[in-house]
Amino acid sequence: MCEIKTANNINKIAYLGPIGTFCEEAACKFTMREQVDWQLLPCGTIVDVFNSVYRGEVDLGIVPIENSCEGSVNQTLDLLANEFDLKITGEIILPVQQNLISRQGVELTAITRVLSHPQALAQCREYLEGHLPGAEPVEIASTAEAARQVALSGEVWAAIGTAGAAAAYGLAVLVPAINDYSNNETRFVLLSRFDSDCFWDCKTSLLVYVLNQPGALSRVLGEFSLRGINLTKIESRPTRKKIGEYFFFIDIEGHRLEPKVKEALEEIRTVAQAVRVLGTYRSAVKVETAKRSVFEPTLDDLRQEIDMIDDQIIELLGRRTRTVDKVGNFKKVGSVRDPERESRVLEKLRKLAEIKGFDPDVISKVYRILFDHFVSLQQKKVDSGQ
Ligand SMILES: O=C(O)C(=O)C[C@]1(C(=O)O)C=C[C@@H](O)C=C1
């Protein structure tokens, strides 16, 4: 089980309100899973949720982070990256059914405005264009607030939101499930000032800042693929410092303290300008290491890792062969071998081997064999005049 540390044992959870939002549904789903009682506190905005967690007024906050159709909730990502040093300690994925709600008996053709959260409006874009072409879409802070405003106004307006919001504000569901895609899901994250103590079925969220340089992001991603660490998400947001510079939000399977993840993070810190671990927490979707402690790999796990490393060595040797072949085009009869270049390469590789924990003498032996092989390939090419 994932234990979430709470301040003074008061279990308060802030969510993006008002009453009747999907965020409230996600909060209920989370609290039902827990053994203890939670007090749910609605907040007016996503920033308010962050603030109440940060100030310690609540133990946890819950905010939307991405939708299966519309992508990321940029405000949540930006607040995590730029404004608040908070941890992600859990996630909840909720199927989202958007409903057209208004006063009972309202004719669709009479509706002049449709109010909702921008994400909800976007999720129902095709429906609105097809069925309510004359109605003006109006963006509101939350789906429930939209329902509240429809209820308060004397106008023939409708909102898009939950059946709960309709009930809470005395409205009716005029048309259920108007989302353009039926498999519409939203992922919510739990925010805390503390790390979670989760050791099974874990995933880890990272924030990585790399400079706009060739290969920088690829090296970061390479450190994960080299170790067989699966990425479940990668998303970029501008750093707000300079055009072309981005933060990368990367979710990986595994625990931040698991040896291969730790090792990848250490390597990434040498390439990236900044790396922040946003949190390790229990994945809402079963991960490969299901119910097995990530700290005790089996013989099979280790052999799988070796197989993957071997595949990558062969892949790189294939690439080296193709590159050396191109270098062969610059060679002339009688001057294929370049002993000076070979000793420079070897000197550099021996140092690198030492840093990476490999025997430099073995590197010398292996590279002598490789150089002989590559020289003979180039020699054949030069001799054949191709
Ligand atoms: O750099 C070159 O000139 C190459 O041809 C490549 C290469 C190598 O395999 O790295 C191969 C033969 C030379 O003796 C030196 C280096």
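Residues numbered from 1 in each chain as written. Predicted model: local features only at pLDDT ≥ 70, side-chain atom pairs only at ≥ 80, totals over all residues. Heavy atoms only, no water.

**Q** With reference to specific residues and values, describe the UniProt feature "domain: Prephenate dehydratase" (unreviewed entry) in the protein chain.
**A** The UniProt entry lists residues 12–193 under the feature "domain: Prephenate dehydratase" (unreviewed entry), expressed in the numbering used here. End C-alpha atoms of residues 12–193 are separated by 13 Å, and the span's content is 33% helix alongside 32% strand. (UniProt positions renumbered as here; feature names shortened; annotations may be inferred. Helix = DSSP H or I, 4+ residues; strand = E, 2+ residues; numbered from the N terminus.)

**Q** How would you explain the sheet that holds strand β7 (residues 113–116) if you had to name every residue and give the values?
**A** Spatial strand order, β8-β7-β9-β6-β10: five strands in an open sheet with mixed pairing. Each edge of the open sheet is held by one strand with a lone partner, namely β8 (136–139) and β10 (172–175). Direction aside, neighbouring strands of the sheet carry axes that sit 35° apart on average. Strand direction decides the pairing type here: strand β6 (residues 99–102) and β10, joined by three bridges, are antiparallel. (Pairing = 2+ DSSP bridges. Axes fitted to C-alpha atoms, helices over the stretch in contact; angles between N-to-C directions.)

**Q** Summarise the packing of aromatic side chains; cite the residues concerned and give the values.
**A** Scanning all chains against the criterion turns up six aromatic pairs. Each residue in the set Phe50, Tyr54 and Phe84 is aromatic and connected to the rest through ring pairs, giving one cluster. (Phe/Tyr/Trp six-rings, centres within 6.5 Å; stacked < 30°, edge-to-face > 60°.)

**Q** Which residues make up the pattern of salt bridges, and what values do they have?
**A** One pass over the full model with this rule turns up 26 salt bridges. In this structure, the salt-bridge partner of Arg148 is Glu145, at a minimum N-O distance of 2.9 Å. Of this pair, Arg148 and Glu145 both sit in helix α6 (residues 143–152), three residues apart, which is roughly one turn of that helix. Its relative accessible area of 33% is what places Arg148 among the partly exposed residues. When its relative accessible area of 17% is taken as the criterion, Glu145 is described as buried. Across the pair Glu223 and Arg227 runs a salt bridge, and its minimum N-O distance is 2.8 Å. In this pair, the class of Glu223 matches that of Arg227, namely buried. (Salt bridge = Lys/Arg side-chain N within 4 Å of Asp/Glu carboxyl O. Buried < 20%, exposed > 50% of the residue type's maximum accessible area, 1.4 Å probe, protein only.)

**Q** Summarise the domain arrangement of the protein chain; cite the residues concerned and give the values.
**A** In terms of domains, the protein chain is made up of domain 1 (1–95 + 179–197), domain 2 (99–178), domain 3 (199–295) and domain 4 (299–384). Taking only C-alpha atoms into account, the centre of domain 1 sits 21 Å from that of domain 3. Contacts between domain 1 and domain 3 engage 24 residues on the former and 23 residues on the latter. In this assembly, domain 1 packs against domain 3 so that about 2000 Å² is buried in total across both faces, 45% of it on carbon and sulfur atoms. Across the domain 1-domain 3 interface, the total number found is eight salt bridges. Of the charged contacts, one joins Glu83 and Arg240 as a salt bridge, the two residues approaching to 3.9 Å between their closest N and O atoms. (Domains from an automatic or database assignment. Contact = heavy atoms within 4.5 Å. Buried area = accessible area lost by both parts, 1.4 Å probe.)

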